[in-house]
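Each chain, written out:
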Amino acid sequence: MARGRLYFALQALGGAAWWIAVAVLPGVRTATLGSLDPVAVAVFDVPLFVVASALAALGLRTAAVVTTVWTLLVLAALAVWATVTGEAGAGVLVMVGAAIGSVLALALVVLGRIPTEWVTTGPLRLRTADPDAPRWRHVTATAVQIVVFWGLFLGVFPLVIAAAEHRWRLHPTLPAPLADGLAVVGAVVFALASALGIASAAAMSTKGDGTPLPSATANRLVVAGPYRSVRNPMALAGITQGAAVGLAMSSWLVVVYAVAGSVVWNCVVRPLEEADLEARFGDDFRRYARQVRCWVPRWPVPARVGAVPVLPGPTPGSASASVSSTRR
């Protein structure tokens, strides 16, 4: 709770400083508000953002709710304004940061913690694939997941982000040779990362009797293929793919999107998966985690890891069987 209140205190100070900058620096006003009337905006934003954040810092939960809801509304409205007019793109980015911070701080103030376990509820809850299904079914399901998730996270979302970057006038103007060079580098890195991702998915579906998706994950602890070298090859591949797409598109926002995704995965998803792995595989997983690092691959790749290449799980009832632990 204390950290949530501290964030709201910093947000109140930041909001006040921003409004002072808007009043005295035309460049700040143009970059963050465009042609919007600053006085009309301030009439609502100062009490609902600055003052409410200050009250939230003092422990008033209602104020924390008010400022968070207002921040989300301003983000949505400013994003629409920037998309329609091409103005205030920098203001949208500032409000994205404020919205994320406000939501997390509100959770700390109201709940005393950030409920990361909500990520794996509903259709995404942690559970294993059908242990009696034939191997071809796991392989087919894995192939479908790759097409769908790569299409969304490496295709649709980056295209939307890059389009917003251009529309909001945030896209850097690069010399043609540099842009072409980045495109080539991005394509090569993407191909290499994709090969790693496919090899990892193949190992999970053929050796682990499951799929990469946490809601239909492997029944066995996979320590074969790329998993002999690094514990999180699919996450490593996905992050690298996202950054490669950003390079190929000369889009710094897409690169930020990939980095942000890695932070979310590492801080939210990975702890949940590793706790499940340790609960299901016990000493086998702990031994594997001691031998293989989380993010940095071992080279040369050892011939064997642990007691056996694939370790059977004691119970067929929970989540992922190929990633994580706290040790890096």
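The residue numbering used here restarts from 1 in each chain and proceeds along that chain's sequence as written. pLDDT decides what is reported in this predicted model: residues at 70 or higher carry local features, side-chain atom pairs at 80 or more are listed and counted, and totals for whole chains, interfaces and linings draw on all residues regardless. In computing side-chain properties, one takes all heavy atoms of the structure into account and sets aside hydrogens as well as water.

**Q** How should I be thinking about the pattern of salt bridges in this particular structure?
**A** Side-chain pairs of opposite charge can arise whenever the charged atoms involved come near each other. Salt bridges are identified by distance alone: a Lys or Arg side-chain nitrogen within 4 Å of an Asp or Glu carboxyl oxygen. Summed over all chains, the structure comprises seven salt bridges. With a closest N to O distance of 2.9 Å, Glu-117 and Arg-113 form a salt bridge. Classification of Arg-113 by relative accessible area gives partly exposed; the value is 41%. Here Arg-287 makes a salt bridge to Asp-284, at a shortest N to O gap of 3.1 Å. Remark: Asp-284 and Arg-287 occur in helix α10 (residues 283-291); sequence separation between them is three residues, near one turn of the helix. Beyond isolated ion pairs, a larger network of salt bridges with shared partners links Glu-278, Asp-283 and Arg-286. Note on classification: 1.4 Å probe, protein chains only; a residue is buried when its accessible area is under 20% of the maximum for its type, exposed when over 50%, partly exposed between these limits. Only DSSP runs of H or I covering at least 4 residues are called helices, and only runs of E covering at least 2 are called strands; the numbering of each starts at the N terminus.

**Q** Can you walk me through the packing of helix α4 (residues 61-85) against helix α5 (residues 89-111) in this structure?
**A** The relative placement of two packed helices comes down to the angle between their axes together with the axis-to-axis distance. For the pair α4 and α5, interaxial distance at closest approach is 9 Å and the crossing angle is 155°. One way to sum up the angle between α4 and α5 is to call them roughly antiparallel. As for how α4 packs across α5, the hand of that crossing is left-handed. Along the contact surface, α4 presents Arg-61, Ala-64, Val-65, Thr-68, Thr-71, Leu-72, Val-74, Leu-75, Leu-78, Ala-79 and Ala-82, while α5 presents Gly-89, Gly-91, Val-92, Met-95, Val-96, Ala-98, Ala-99, Ser-102, Val-103, Leu-106, Val-109 and Val-110. Here the term charged refers only to Asp, Glu, Lys and Arg, the term nonpolar to Ala, Val, Leu, Ile, Met, Phe, Trp, Tyr, Cys and Pro, and the term polar to all other amino acids, Gly among them. In terms of residue class, the contact of α4 with α5 is made up of 17 nonpolar, five polar and one charged. For helices, the fitted axis covers only the stretch in contact; all axes are lines through C-alpha atoms, and the angles between them, taken along N-to-C directions, range from 0 to 180 degrees. Oblique is the label for every angle not falling under 35 degrees (roughly parallel), over 145 degrees (roughly antiparallel), or within 65 to 115 degrees (roughly perpendicular). Two helices cross in a left-handed way if the nearer one is turned anticlockwise from the farther one by less than a right angle. They cross in a right-handed way if the turn is clockwise. Only heavy atoms enter the contact rule, under which two residues are in contact if any of them lie within 4.5 Å.

**Q** Before we go on, may I ask you to explain helix α8 (residues 233-248) in this structure?
**A** Helical geometry note: an α-helix holds 3.6 residues per turn, so side chains three or four residues apart project in the same direction. The terminal C-alpha atoms of α8 lie 22 Å apart, and with 16 residues this matches the ideal 22 Å at 1.5 Å per residue to within 8%. Here α8 has its buried residues at Pro-233, Ala-235, Ala-237, Gln-241, Gly-242, Ala-244, Val-245 and Gly-246. On the buried face of α8, the contacting elements are α6 (135-167), α7 (176-207) and α9 (252-281). Of the residues one or two after α8, Ser-250 is the one with positive phi, at around 55°. Here a helix's expected span is defined as the number of its residues, less one, multiplied by 1.5 Å.

**Q** Can you walk me through the packing of α6 against α7 in this structure?
**A** Packing of α6 against α7 brings their axes to within 9 Å, and their N-to-C directions diverge by 150°. Viewed along their axes, α6 and α7 adopt a mutual orientation that is roughly antiparallel. Helix-helix and strand crossings are classified by hand; for α6 and α7 the assignment is right-handed. Along its contact with α6, which presents Arg-135, His-138, Val-139, Thr-142, Ile-146, Trp-150 and Leu-154, the element α7 presents Phe-190, Ser-194, Ile-198, Ala-201, Ser-205 and Thr-206. Classifying every residue of the contact of α6 with α7 by side-chain character gives seven nonpolar, five polar and one charged.

**Q** Help me understand the side chain of Ser-200 in this model?
**A** Along the polypeptide, Ser-200 turns up in helix α7. Classification of Ser-200 by relative accessible area gives buried; the value is 0%. Apart from the residues within four sequence positions on either side, Ser-200 is in contact with Pro-226, Tyr-227, Pro-233 and Met-234.

**Q** Explain the nonpolar core here, please?
**A** Proteins that are soluble and globular tend to have nonpolar side chains buried together. Trp-19, Phe-49, Leu-75, Leu-78, Val-92, Met-95 and Trp-168 are the most contacted members of the largest nonpolar core, which has 21 residues in total. Elements that contribute at least two residues to this core include exactly α1 (2-24), α3 (38-57), α4 and α5. Here this core gets six residues from one element, more than from any other, and that element is α4. Once residues lying within four places of it in the same chain are set aside, the contact partners of Leu-75 are Val-92, Met-95, Val-96 and Ala-99. In terms of nonpolar packing, the next biggest core, distinct from the first, is built from 13 residues, Val-223, Tyr-227, Leu-277 and Ala-289 among them. Buried residues of nine kinds, namely Ala, Val, Leu, Ile, Met, Phe, Trp, Tyr and Cys, make up a nonpolar core once their side-chain atoms join them within 4.5 Å.

**Q** Sorry if this is basic, but what is going on with a nonpolar patch on the surface here?
**A** Together, Val-144, Val-147, Val-148, Phe-149, Leu-152, Phe-153, Val-156, Phe-157 and Val-160 line one region of the surface with nonpolar side chains, adding up to about 750 Å² of accessible area. Relative to the assigned elements, Val-144 resides in helix α6. For Val-144, a relative accessible area of 46% corresponds to the partly exposed category. Excluding any residue in a salt bridge, patches collect residues exceeding 30% relative accessible area, merging like charges within 9 Å and nonpolar Val, Leu, Ile, Met, Phe, Trp and Tyr side chains within 5 Å. Working definition of accessibility: Shrake-Rupley area with a 1.4 Å probe, residue cover restricted to the visible protein chains.

**Q** Please explain unusual backbone geometry as it appears in this structure.
**A** What you tend to see is this: most non-glycine residues have negative phi, and most peptide bonds are trans. The backbone of Ala-88 sits at a positive phi, close to 60°, despite the residue not being glycine. Mapped onto the secondary structure, Ala-88 falls in the loop between α4 and α5. For Ala-88, a relative accessible area of 4% translates into the label buried. Not every positive phi belongs to a glycine, and Ser-250 is a case in point at roughly 55°. By the secondary structure assignment, Ser-250 is in the loop between α8 and α9. The class for Ser-250 is buried, based on a relative accessible area of 13%.

Don't take any of this as a statement about function, it's just geometry.
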